[in-house]
Amino acid sequence: MKIATWNVNSIRKRLDRVIPWLTQYQPDVFCVQETKVEDDAFPRLEIEAAGYHVLCHGQKTYNGVALLSRQPARDAVRGFGDSVEDAQARFLVATVGDVRVGTVYVPNGQTVGSDKFAYKLDWFGRWRKWLSAHADPGMPLAFCGDINVAPDDRDVYDPVGWKDQVLCHPDERAALGEICRWGLADVFRQHHAEAGLYSWWDYRQLAFPKDLGLRIDLVLCTASLAARCTSIAIDRDARKGQNPSDHAPVIAEFT
DNA sequence: ATGGTTGCTTAGCAA
């Protein structure tokens, strides 16, 4: 089973890249973030024509996630379903085959100390509560997406310059740590220990050609699923050329 | 150097 994740930065703007990519790699499950479109305007027909079933959870202008799958997905959940009034579409979970899969777009946080940063930390806490209430660490479960946290300094091109900045701040690393402590592992690090492997490069300042990137797009798996992961890779080539997303896709293979 | 690039929506926000 192949599971992929990609922050596409607008599914409509990126469709001419996403469809050929899907056709080439044929993931069984494809988690998408930053679709930036309401559900009734999602390019469903084009994606179905490429052989995928579509679950989406979007909103106007910002955010939005989707889960595409070759087989129909079941038991879909949109949002945390908690007591918080929250219009931001960032969380979608469904089951494909024997695996429960979540596509998540963690809030960026903008700057440390801002209201948006507080929302980000709170969002992690709500996610952690969702896990306690709706999942079990013993089940085969993967959460894939733009986590908007570089887990450690190996994931950052300039750890000194980024120290205590948003995406690298100890408070958000600790919040991600609580998610992992519940029972989800960053499976990329089971297969690659080296520094300098990134999934996002800013559009500005020629960051991609200079390889000034961060690894913030993760596949988080429970132990039983992590044990089935035979390979995981970042498709850096998908960041090249005309009209790229600022993120590259990540593809994981499971037995 | 508070810049710079992109997307959505059309002036300003978010990333």
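Below, the structure is looked at part by part. (Residues numbered from 1 in each chain as written. Chains lettered and ligands numbered in written order. Predicted model: local features only at pLDDT ≥ 70, side-chain atom pairs only at ≥ 80, totals over all residues. Heavy atoms only, no water.)

### Focus on helix α3 (residues 115–134)
Given a rise of 1.5 Å per residue, 20 residues ought to cover 28 Å, and the 28 Å separating the end C-alpha atoms of α3 matches this to within 8%. When α3 is considered as a whole, its buried residues turn out to be F117, K120, W123, F124, R126, W127, W130 and L131. Looking at the packing, one finds that the buried side of α3 touches β5 (74–78), β6 (91–96), β7 (99–105), β8 (141–146), α5 (170–183) and β12 (217–221). (Helix = DSSP H or I, 4+ residues; strand = E, 2+ residues; numbered from the N terminus. Expected span 1.5 Å × (residues − 1). Buried < 20%, exposed > 50% of the residue type's maximum accessible area, 1.4 Å probe, protein only. Contact = heavy atoms within 4.5 Å.)

### Details of the sheet that holds strand β14 (residues 250–254)
Spatially, six strands are ordered β3-β4-β2-β1-β14-β13 in an open sheet, and the strand pairing comes out mixed. The sheet is open, and its two borders are formed by β3 (53–57) and β13 (229–234), each paired with just one other strand. Sheet twist, expressed as the mean angle between neighbouring strand axes with direction ignored, is 15 degrees. With four bridges connecting them, strand β1 (residues 2–7) and β14 associate as antiparallel partners. Bridge pairing links I3 to A252 in β14. (Pairing = 2+ DSSP bridges. Axes fitted to C-alpha atoms, helices over the stretch in contact; angles between N-to-C directions.)

### Focus: the layout of surface pockets
Of the pockets and cavities examined, the largest pocket occupies roughly 700 Å³. As for the largest pocket, its lining consists of 26 residues, of which Y105, N108, G109, Q110 and N148 are closest to the centre. Of the residues in the lining of the largest pocket, the class split is ten nonpolar, eight polar and eight charged. (1 Å grid on protein atoms, 1.4 Å probe; cavity = no way out; pocket = protein on both sides within 12 Å on 5 of 7 lines; lining within 4 Å. Points joined across faces, edges and corners; volume = space filled by probe spheres on them. Nonpolar A, V, L, I, M, F, W, Y, C, P; charged D, E, K, R; others polar.)

### Some remarks on the sheet that holds β5
Pairing in this open sheet of six strands is mixed, and the strands run β5-β6-β7-β8-β12-β9 from one edge to the other. This sheet does not close on itself; its edge strands, each paired only once, are β5 and β9 (185–186). In this sheet, β7 lies alongside β6 in antiparallel orientation, the contact comprising six bridges. The partner of V96 across the bridge, within β7, is V99. Where α5 meets the sheet, its contacts fall on β8, β9 and β12, and the angle it forms with β12 comes to roughly 25 degrees.

### Some remarks on α5
Think of an α-helix as turning once every 3.6 residues; residues three or four places apart then point the same way. Relative to the 20 Å expected for 14 residues at 1.5 Å per residue, α5 spans 20 Å between its end C-alpha atoms, a close match to the ideal helical length. When we look at burial in α5, the residues that qualify are E172, A175, L176, I179 and W182. For α5, the angular spread of buried residues about the axis comes to 110 degrees, placing them on one side. Against α3, β8 and β12 lie the buried residues of α5. (Arc of directions from axis to C-beta.)

Spatial relationships are all this shows, so hold off on functional conclusions.
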